[in-house]
Amino acid sequence: MSDPVLSVRNLNIDYIGAQKDFHAVKNVSFDIAPGEFFGLAGESGCGKSTIAFAVSRLHRPPALIRAGSEILVGGRDVLALDEEALRSFRWREVAMVFQSAMNSLNPVLTIEAQFYDVLRAHTPISRTTARQRAAELLKLVDISPDRLSSYPHQCSGGMRQRIVIAICLALNPKLLIMDEPTTALDVVVQREILQRIDTLRKQLGFSVLFITHDLGLMVQVSDRIGIMLEGELVEVNDAQTIYRSPKHDYTRRLWASMPKLHGEQIREVRS
Ligand SMILES: Nc1ncnc2c1ncn2[C@@H]1O[C@H](COP(=O)(O)OP(=O)(O)OP(=O)(O)O)[C@@H](O)[C@H]1O
């Protein structure tokens, strides 16, 4: 692999409890290459979001990253960044889309103002230039620039989610983390958004760390997939191989839990 965009080594994360600590992420190591779409799958509670938050340095107590853990983005030690370095790291290096992202837009600001906030926080930029940049970004996610003067409540859920993704791409991050980014949307809109992201990452070259419970979708869009079980990364392989010839018994059980119709569709799409 060429120099990875993300390199996670021996990541151990505990949730500190009053009585007892909970070891949520156990010695996890993986890399994501430039431009790669990497899916992280596993049952609810296995530690996927905990990893996503740690990589973007958005984890908060009681989560505690144990000494000896290493997270490198573009070769930079993410766990050593101070507050000032973190401000330029977020959005520029790593941007994260959450499940509830479509509700994370500020209801009292126009879409244009929300782009402006992100753009000017990182570079001195005039309102006119910011507006042009915001219009370009909206076009990337198939939204008319006319929407810049709209408020979030005037946009549909799918549109708001695409706006959040466009804001995340505003500063050309190296890595886009998507944690259940489309779960609240209907299936057709979910797939449209994922296809759009796939086209964009080929066009713009960013990498993706993708978390979803929709395993069919994950197999379709990911280059490689990592399977987590109770805090451990038990299997990593390219999407085709891990789907057709899983090595770990848990991966087999996970695929068996996918709806049949879905499975048939995947074979057609990927063969
Ligand atoms: N703030 C917290 N305090 C204590 N334990 C937590 C906290 N947040 C998460 N956990 C526990 O850590 C484990 C990993 O949670 P995490 O949210 O990372 O799992 P996940 O794989 O993303 O699950 P899901 O698919 O349901 O989002 C779970 O057992 C969860 O209960």
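Residues numbered from 1 in each chain as written. Predicted model: local features only at pLDDT ≥ 70, side-chain atom pairs only at ≥ 80, totals over all residues.

Some words on the site of the ligand
Taken together, Tyr15, Phe22, Ala24, Gly42, Ser44, Gly45, Cys46, Gly47, Lys48, Ser49, Thr50 and Pro62 form the complete shell of residues around the ligand. Elements represented by at least two residues in the shell around the ligand include exactly β2 (22-32) and α1 (48-55). Here the element with the most residues in the shell around the ligand is α1; it accounts for three residues. (Near = placed C-beta within 6 Å. Helix = DSSP H or I, 4+ residues; strand = E, 2+ residues; numbered from the N terminus.)

Quick look at helix α4 (residues 127-140)
The first and last C-alpha atoms of α4 sit 20 Å apart over 14 residues, in line with the 20 Å expected at 1.5 Å per residue. Restricting attention to buried positions, one finds in α4 the residues Ala130, Ala134, Leu137 and Leu138. On an axial view of α4, the arc spanned by its buried residues comes to 100 degrees, and they lie on one face. For α4, the exposed residues set more than 90 degrees away from the buried face come down to Thr128, Glu136 and Lys139. (Expected span 1.5 Å × (residues − 1). Buried ≥ 20, exposed ≤ 12 C-beta atoms within 10 Å, placed from the backbone. Arc of directions from axis to C-beta.)

So, the environment of isoleucine 65
With respect to the element layout, isoleucine 65 can be found in strand β4 (residues 63-65). Isoleucine 65 sits in the partly exposed class, given 19 other C-beta atoms within 10 Å. Apart from residues lying up to four places away in sequence, isoleucine 65 is in contact with Ile13, Ala54, His59 and Leu79. (Contact = placed C-beta atoms within 7 Å.)

Considering the confidence of the model for the chain
Parts of the prediction with low pLDDT should not have their coordinates interpreted in detail. Mean pLDDT for the chain: 91, with 95% of residues reaching 70 or above. Considering only residues more than four positions removed or in separate chains, one finds that residues 261-271, a stretch of pLDDT under 50, has ten contacts. At the level of chain-chain contacts, confidence expressed as ipTM amounts to 0.92, with global pTM at 0.91. (pLDDT = per-residue confidence, 0-100.)

Considering the environment of glutamate 43
Within the fold, glutamate 43 resides in the loop between β3 (37-41) and α1. Sequence separation of glutamate 43 and glutamate 112 is 69 residues, and the distance between their C-alpha atoms is 38 Å.

Overview of α1
Taking burial as the measure, the eight residues of α1 include six buried ones, the bulk of the element. Those residues of α1 that fall on the buried side of the exposure criterion are Lys48, Thr50, Ile51, Ala52, Ala54 and Val55. The positive-phi residue at the C-terminal boundary of α1 is arginine 57, with phi of around 55 degrees.

Remarks on the sheet that holds strand β10 (residues 224-229)
Spatially, six strands are ordered β7-β8-β9-β3-β10-β11 in an open sheet, and the strand pairing comes out mixed. Each edge of the open sheet carries a strand with a single partner, namely β7 (94-97) and β11 (232-238). Within this sheet the neighbouring strands show an average axis-to-axis angle of 15 degrees, counted without direction. Most of the contacts of helix α9 (residues 249-256) go to β10, to which it runs at about 105 degrees, and overall it touches β3, β10 and β11. (Pairing = 2+ DSSP bridges. Axes fitted to C-alpha atoms, helices over the stretch in contact; angles between N-to-C directions.)

Concerning the UniProt feature "domain: ABC transporter" (unreviewed entry) in the chain
The feature "domain: ABC transporter" (unreviewed entry), as given by UniProt, occupies residues 8-255 in the numbering adopted here. A distance of 25 Å separates the end C-alpha atoms of residues 8-255, which is 38% helix and 24% strand. (UniProt positions renumbered as here; feature names shortened; annotations may be inferred.)

Digging into the environment of glutamine 114
Mapping glutamine 114 onto the fold places it in helix α3 (residues 111-122). Leave out the neighbours within four places in its chain, and glutamine 114 touches Leu105, Asn106, Leu109 and Ile167.

Remarks on the pairing of β7
Within a regular beta strand, the side chains point alternately toward one face of the sheet and then the other, so they alternate between its two faces. Burial along β7 is two-sided: Val94 and Met96 and Ala95 and Val97, pointing in opposite directions, are all buried. Two elements, β7 and strand β8 (residues 175-179), share four bridges in a ladder whose sense is parallel. The partner of valine 94 across the bridge, within β8, is leucine 175.

Quick word on the nonpolar core
Judged by nonpolar contacts, the single largest core of 71 residues is most densely connected at Val55, Leu175 and Leu209. Sorting elements by how many residues they give to this core places helix α5 (residues 157-168) first, with seven residues. In this structure valine 55 touches Leu6, Ile71, Val78, Val94, Ile177 and Leu209, once residues within four positions along its chain are discounted. (Core = buried A, V, L, I, M, F, W, Y, C linked by C-beta atoms within 7 Å.)

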